[in-house]
Amino acid sequence: PSVLIGIPCAMTWNVLRHQRDGTLHDKDVVKHWAFVHGAFENKYKWWELVLEFRRFAIAVILTMFAEPMMQGAAAIVVLCGLLAAHVFTRPYIAESIDVLDFVCL
């Protein structure tokens with residue numbers, strides 16, 4: 001539970017706190033948190049939260065539905081929505097990573 005809820009909540013708090021304080025793009029903050037949101041364009045620093053949501057949604061789907069057909073259908077719905085969001089935003093700095101994430105979805 002702490003991995004599925006605690007880490008995304010902590011990351012959300014961190015990004016929102018730095019954004020509120022106007023320090024999200026400061027050199028020290030970027031250096032310290034680059035492993036979380038260093039690959040994303042400045043306006044999409046929060047995209048890691050979407051990736052955490054994707055992991056969380058798949059975990060919930062696998063535990064909520066016992067029938068494989070329902071698991072597959074629910075996963076397709078979630079992943080199609082996330083695929084559309086990814087295509088619309090293209091959040092990564094490197095175009096190659098955008099393409100790779102698109103192909104993997």
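That block above? That's the structure.
Before going into details, it helps to say that this report is about the structure given with it. (Residues numbered from 1 in each chain as written. Predicted model: local features only at pLDDT ≥ 70, side-chain atom pairs only at ≥ 80, totals over all residues. Heavy atoms only, no water.)

## Brief notes about helix 3 (residues 47-64)
The terminal C-alpha atoms of helix 3 lie 25 Å apart, and with 18 residues this matches the ideal 26 Å at 1.5 Å per residue to within 8%. Taken together, the buried positions of helix 3 are Trp47, Glu48, Val50, Leu51, Glu52, Arg54, Ala57 and Ile61. (Helix = DSSP H or I, 4+ residues; strand = E, 2+ residues; numbered from the N terminus. Expected span 1.5 Å × (residues − 1). Buried < 20%, exposed > 50% of the residue type's maximum accessible area, 1.4 Å probe, protein only.)

## Examining the nonpolar core
Counting residues in hydrophobic clusters, the biggest one holds seven residues: Phe40, Tyr44, Trp47, Val50, Leu51, Leu82 and Tyr92. In this structure Trp47 touches Phe40, Ala85, His86, Thr89 and Pro91, once residues within four positions along its chain are discounted. (Core = buried A, V, L, I, M, F, W, Y, C linked by side-chain atoms within 4.5 Å. Contact = heavy atoms within 4.5 Å.)

## Here's the deal with the pattern of salt bridges
Pairing of side chains with opposite charge becomes possible as their charged atoms draw close. Considering all chains together, one arrives at five salt bridges under this definition. Across the pair Glu95 and Arg90 runs a salt bridge whose closest N-O atoms are separated by 2.3 Å. Look at the salt bridges and you will find they share partners, linking Glu48, Glu52 and Arg55 into a network. (Salt bridge = Lys/Arg side-chain N within 4 Å of Asp/Glu carboxyl O.)

## Quick look at empty space enclosed by the protein
One water molecule sets the probe size; rolling that probe over the atoms shows where empty space is left. A complete count under the given rule lists one cavity of 30 Å³ or more for this structure. Roughly 40 Å³ of internal volume is contained in the largest cavity. Along the walls of the largest cavity sit Trp47, Val50, Leu51, Arg54, Leu82, His86, Asp101 and Leu105, which together make up its complete lining. Counting only elements with at least two residues in the lining of the largest cavity, the list comes to helix 3 and helix 4 (68-89). It is helix 3 that contributes the most residues to the lining of the largest cavity, four residues altogether. For the lining of the largest cavity, the class distribution of residues is five nonpolar, one polar and two charged. (1 Å grid on protein atoms, 1.4 Å probe; cavity = no way out; pocket = protein on both sides within 12 Å on 5 of 7 lines; lining within 4 Å. Points joined across faces, edges and corners; volume = space filled by probe spheres on them. Nonpolar A, V, L, I, M, F, W, Y, C, P; charged D, E, K, R; others polar.)

## Observations regarding the environment of Thr89
Along the chain, Thr89 turns up in helix 4. In this structure, the C-alpha to C-alpha distance between Thr89 and Ile61, residues 28 residues apart in sequence, is 25 Å. The residues touching Thr89, leaving out its near neighbours within four places in the chain, are Tyr44 and Trp47. Of the polar contacts made by the side chain of Thr89, one reaches the backbone oxygen of Ala85; its length is 2.9 Å. (Polar contact = N/O pair within 3.5 Å; in protein donor to acceptor, adjacent residues only side chain to side chain.)

## Some thoughts on the packing of helix 4 against helix 5 (residues 95-104)
Across the interface, helix 4 lies against helix 5 with an axial gap of 10 Å and an inter-helix angle of 165°. Put simply, helix 4 runs roughly antiparallel to helix 5. Where helix 4 crosses over helix 5, the two elements pack in a sense that is left-handed. Residue-level contacts link Leu83, His86 and Val87 of helix 4 to Asp98, Asp101 and Phe102 of helix 5. Considered class by class, the residues forming the contact of helix 4 with helix 5 number three nonpolar, one polar and two charged. (Axes fitted to C-alpha atoms, helices over the stretch in contact; angles between N-to-C directions. Parallel < 35°, antiparallel > 145°, perpendicular 65-115°, else oblique. Left-handed = near helix turned anticlockwise from the far one by under 90°.)

## Comments concerning the side chain of Asp98
Turning to its location among the elements, Asp98 is positioned in helix 5. No salt bridge is formed by the buried Asp98; the nearest opposite charge belongs to Arg90, separated by 4.2 Å. Among the polar contacts made by the side chain of Asp98, one reaches the main-chain amide nitrogen of Tyr92 at a distance of 3.1 Å. Not counting residues within four places of it along the chain, the set of residues in contact with Asp98 comprises His86, Arg90, Pro91 and Tyr92. (Lys, Arg positive; Asp, Glu negative; His and termini not counted.)

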